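Overview (structure and organization)
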Amino acid sequence: MWNRVAVVGAGLIKFGELFDQSYEQMAAGAFKAASEAVDHDFDPSLIDAAFVATQRGTLWGQEGVGGNTVPSAIGLSGIPCTRIENACPSGSDAFRVGAMAVASGVHDVVLVIGVEKMRDKSTEEGLLARAAAGHPIYTRGETAPVLFAPFATRHMHEFGTTREMLAAVAVKNHHNGALDPYAHFQDEVTLEQVLASPPVCHPLHLLDCCPQTDGAAAAILVPADRAHEFTDKPVYVAGFGVATDHPYLHEKSTFVGLPATVAASQRAYDMAGLGPADIDMAEVHDCFTITEILDIEDLGFVEKGKGGRAVLDGETALDGRIPINTSGGLLAKGHPIGATGVAQITECWWQLREEAGDRQVALRNGVALQHNVGGRGSGVSVVNILTRNLA
Amino acid sequence: MSGSVGIAACGVAAPSWRVAANDIRAAWGGKAKGTVAVCAPDEDPLTLAWSAAVAAMRSGGLDADAIGGLWWGTTRAPFAEGPSHAYLCAALGLSSGVRGALLSGSAHAGVDALLAAADAVVAGSVTTALVVASDALVPGLGTAFEARCGAGSAAFILSATGAAVVRASATHTAPVVDRYRGDREEATRDLYDARLFREEVFVPHVTEVALMLDLPDDARWSLPDPDGRLGAVVARRLGTSAVSSASAYEILGDTGAAAPLLGLIPALASTGPAGAVVYGGGRTTGVAFDVAAPIAGAGNLAVHGREVSYADVLRARGQLVPSGETVEMGLPPGGAAFVRGNPEMMGLLGGRCVDCGVISTPPSIHPHCVGCGGPKLEPVELARQGTVHTYVVNHAMPAPFEAPLALAVIDLDDGARLMVQATDPEGIEIGALVELVLRRYAVERGVPVYGFKTRATKLSNDPTE
């Protein structure tokens, strides 16, 4: 049995193309937001360990980001700090590792912080240059959309999923993003606009894709039995899971689902003693519209093959059966890779504390799920489950 | 020749693009007729040589193991100095002890390869020789030759029992300058004086060598035709109208070192005497054959190809380049990943799990099976055909990639799965039957990188009818 862990503070900076902020300034902003979100006055010197999620530091102009960059930037130089890099789930994995550090009893007050600079380099030098990274032949031409577009092609072929169903994900998430002051994009889009946007990687078009976004987010974790020193409304870690799959697309056993998501969520559900029906809302990985459809099927919210129809029918809207990506998701809020998972945790934290404003969903069980999947071949997935109940 | 060597089988390859000669000449204020064949950005003399050689080996019913030597003639080896011959051997799956040579230096190189291979068979140093001539010259911009310059490849299997028996050869050599490229020059220069070349060099030397072959009146001739008129002049001097090379020039253009061999292909489809003459680099050589039986793989050249613009051609040849620097990408082709990866990429190798039978590809990144995790994998050559399981068409990529670029996940006939680029984004769909063809994936830091791509079987660019 593990010692239970509480989240007593969480926050983020407004996501966007933050050309005017350095990596260090973004980190300081996120730390300030999380500290100020702690209900009772928070003394930063209580932090006795930090875990930093930054995925692409060495490619994005932050050469040699180590454990020391963030402590220095937030005035805590000297504390133990480790950088976590685990592809798109880097932020959610840093949260999981931070929770384990507290659960083990080794550390008491742990900062989990995700920081990512996506736009200090041009698109060509950044995301697109990966088209020739990896294996000399088997990944050549594999820009980020290529990791997910083949799943769209096959999902459409096997289940009759349509471009309208994909587009409905973007419409929903941009609607939610327009209600989220921290989102990169603040405007609604129509189904017609999504369908008419230029092709990026058939069958995905521009508005099927998340933007390149700078951002940072942070969360503060303490042992559950100390939670009330810090807050009146603690949120607890109910469970988490990680899973891996083969790294190259030609090694995938299926192109209509992501086995890493299925396995990670099963581990998290088992640890929490919960199932998909117990979840009130979820922040899931929607780097592309098809990804969210795969997610809600693989996480068990919707039967395999029916994800597209569920979105089109409004089942995943703010007032739907299982609201998905209330923050706007990666599609509208943005995807600063290391920060993404921690920002999703923040949205779940707000929802469970009923502080999500116009985006607030109705809570039945007081349980929220956060999910990322990514890396080459979408071969890494992390799921964290949060709860209001310390049962 | 002692008569103990002949062509047993042949194969042909043409690149996938065609451009109207008039589009080229019009850019320079001139006019021209016909079309010429041009390499797409992922094709070059090595990929053309591979295609023709594979076709010849299939026609002859030969495994790679049967080939004792590879003689390859081209003026445009992908490495002016480097492992061109070794790359082609690897892609063809020839044994690491294979003999042979890369011959280059002028359009004479294709016939040089043929005669060197024939000598090796006669001498008994190899039993079965593979001869390939391929070319894709880069002509100087604005030259008259530019609108004639084509691309293609022909391959022959030579053996002591080949039915197109080599009867004789003759040569004439003279130190004259005509079509040439300096040591550090990108493009081939044109004849420096057309009338001087015609009157003092080409017509007298080609005619003299052809007559030295002493062929009967009913012989079919593969004759050089550098400007679209000189071939006919020589034919008149010889008193023949049986010019088997006319269609190759008409369909593909001047294919350089490949031209004399390509021009012979139609003649090998029926019995009787035949002769091939080449001019290149001051040397004129003729070879006489007696075709005792139709040769497998021979026939008339077919007109296939996608019509493209002069701008497409210039870009593919690297003569029209965007300003600014492209982003350096990928792994250094001289590095360890390629030393490990080249044999398995060009040989299309996988590892079959001894326990569960699943094939993991490529072997160097799979010490354990992707199916069951087992550690015992035996090397296998992958199947060359399969079906499309899923695909994408990438429209947003940085230079030097060119959109649209299709990538396909294919299930090969042996159960292995691959994800590779597709040569035909418009023809791809789930369930489509495809074959794997060697293509140039990139020129990375100045070095060509080769691997296999899919091509829809129904769009097969078979260059003979």
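Residues numbered from 1 in each chain as written. Chains lettered and ligands numbered in written order. Predicted model: local features only at pLDDT ≥ 70, side-chain atom pairs only at ≥ 80, totals over all residues. Heavy atoms only, no water.

Counting residues at the interface gives 32 residues for chain A, matched by 38 residues for chain B. Overall, the association of chain A and chain B removes approximately 3,200 Å² of surface from exposure, summing both partners, and the carbon and sulfur fraction of that is 69%. It is Tyr 138, Arg 140 and His 250 of chain A in chain A that bury the most area against chain B; as a group they hold 25% of the surface buried on that side. At the boundary of chain A with chain B, the tally comes to 1 salt bridge. In this structure, Glu 444 of chain B and Arg 140 of chain A form a salt bridge, with 3.0 Å as the shortest nitrogen-oxygen distance. Along the contact surface separating chain A from chain B lie 14 residue pairs in polar contact (both at pLDDT 80 or more). Elements supplying a minimum of two residues to the side of chain A that touches chain B: α4 (149-159) and β5 (199-202) of chain A. The element that contributes the greatest number of residues to the side of chain A that touches chain B is α4 of chain A, accounting for 5 residues. In terms of residue class, the side of chain A that touches chain B is made up of 16 nonpolar, 10 polar and 6 charged. Relative to strand β16 (residues 385-394) of chain B, β5 of chain A runs antiparallel, the two being bridged by 2 bridges. (Contact = heavy atoms within 4.5 Å. Buried area = accessible area lost by both parts, 1.4 Å probe. Salt bridge = Lys/Arg side-chain N within 4 Å of Asp/Glu carboxyl O. Polar contact = N/O pair within 3.5 Å; in protein donor to acceptor, adjacent residues only side chain to side chain. Helix = DSSP H or I, 4+ residues; strand = E, 2+ residues; numbered from the N terminus. Nonpolar A, V, L, I, M, F, W, Y, C, P; charged D, E, K, R; others polar. Pairing = 2+ DSSP bridges.)

This part takes up the side chain of Asn 176 of chain A. All names here are of chain A. Among the secondary structure elements, Asn 176 is positioned in helix α5 (residues 163-177). With relative accessibility at 1%, the residue Asn 176 sits in the buried group. Here Asn 176 is in contact with Leu 318, Ile 324, Asn 325, Thr 326, Ser 327, Gly 328 and Arg 359, once residues within four sequence places are set aside. (Buried < 20%, exposed > 50% of the residue type's maximum accessible area, 1.4 Å probe, protein only.)

With that settled, consider the confidence of the model for chain B. Looking at chain B, pLDDT values average 92 and 96% of them are 70 or higher. If you check the scores for this complex, the pTM reads 0.90 and the ipTM reads 0.91. (pLDDT = per-residue confidence, 0-100.)

Going through the model one piece at a time under the given rule, you end up with 11 aromatic pairs over all chains. Consider the rings of Phe 151 of chain A and Phe 255 of chain A, whose centres lie 5.0 Å apart with planes at 40°: the pair is tilted. On the criterion of sequence distance, the pair formed by Phe 151 of chain A in helix α4 and Phe 255 of chain A in the loop between β8 (235-244) and α8 (259-272) is long-range, its members being 104 residues apart. According to the relative accessible area criterion, Phe 151 of chain A is buried, its value standing at 0%. A relative accessible area of 1% means that Phe 255 of chain A is categorised as buried. Residues Phe 197 of chain B and Phe 202 of chain B carry aromatic rings whose centres are separated by 5.6 Å and whose planes lie at 40° to one another, so their mutual orientation is tilted. Here Phe 202 of chain B falls in the buried class, since its relative accessible area comes to 1%. In this structure an aromatic cluster arises from ring pairing among Phe 79, Tyr 87 and Tyr 450 of chain B. (Phe/Tyr/Trp six-rings, centres within 6.5 Å; stacked < 30°, edge-to-face > 60°.)

All right, on to helix α3 (residues 84-92) of chain B then. Residues and elements named next belong to chain B. In terms of residue burial, α3 counts as a mostly covered element, since 7 of its 9 residues are buried. Along α3, the residues classified as buried are Ser 84, His 85, Tyr 87, Leu 88, Cys 89, Ala 91 and Leu 92. Of the residues one or two after α3, Gly 93 is the one with positive phi, at around 75°.

Looking now at the nonpolar core. With 58 residues, the main nonpolar core has Trp 50, Leu 92, Leu 94, Leu 130, Ile 410 and Leu 418 of chain B as its most contacted residues. Two domains each donate at least three residues to this core, and these are domain 1 (6-317) and domain 2 (336-456) of chain B. With near-sequence residues (within four places) excluded, Leu 94 of chain B lies in contact with Met 57, Ala 64, Ile 67, Leu 70 and Cys 89 of chain B. One finds Cys 209, Cys 287 and Leu 294 of chain A together with Met 419 of chain B within the second-largest nonpolar core, a separate group that totals 53 residues. (Core = buried A, V, L, I, M, F, W, Y, C linked by side-chain atoms within 4.5 Å. Domains from an automatic or database assignment.)

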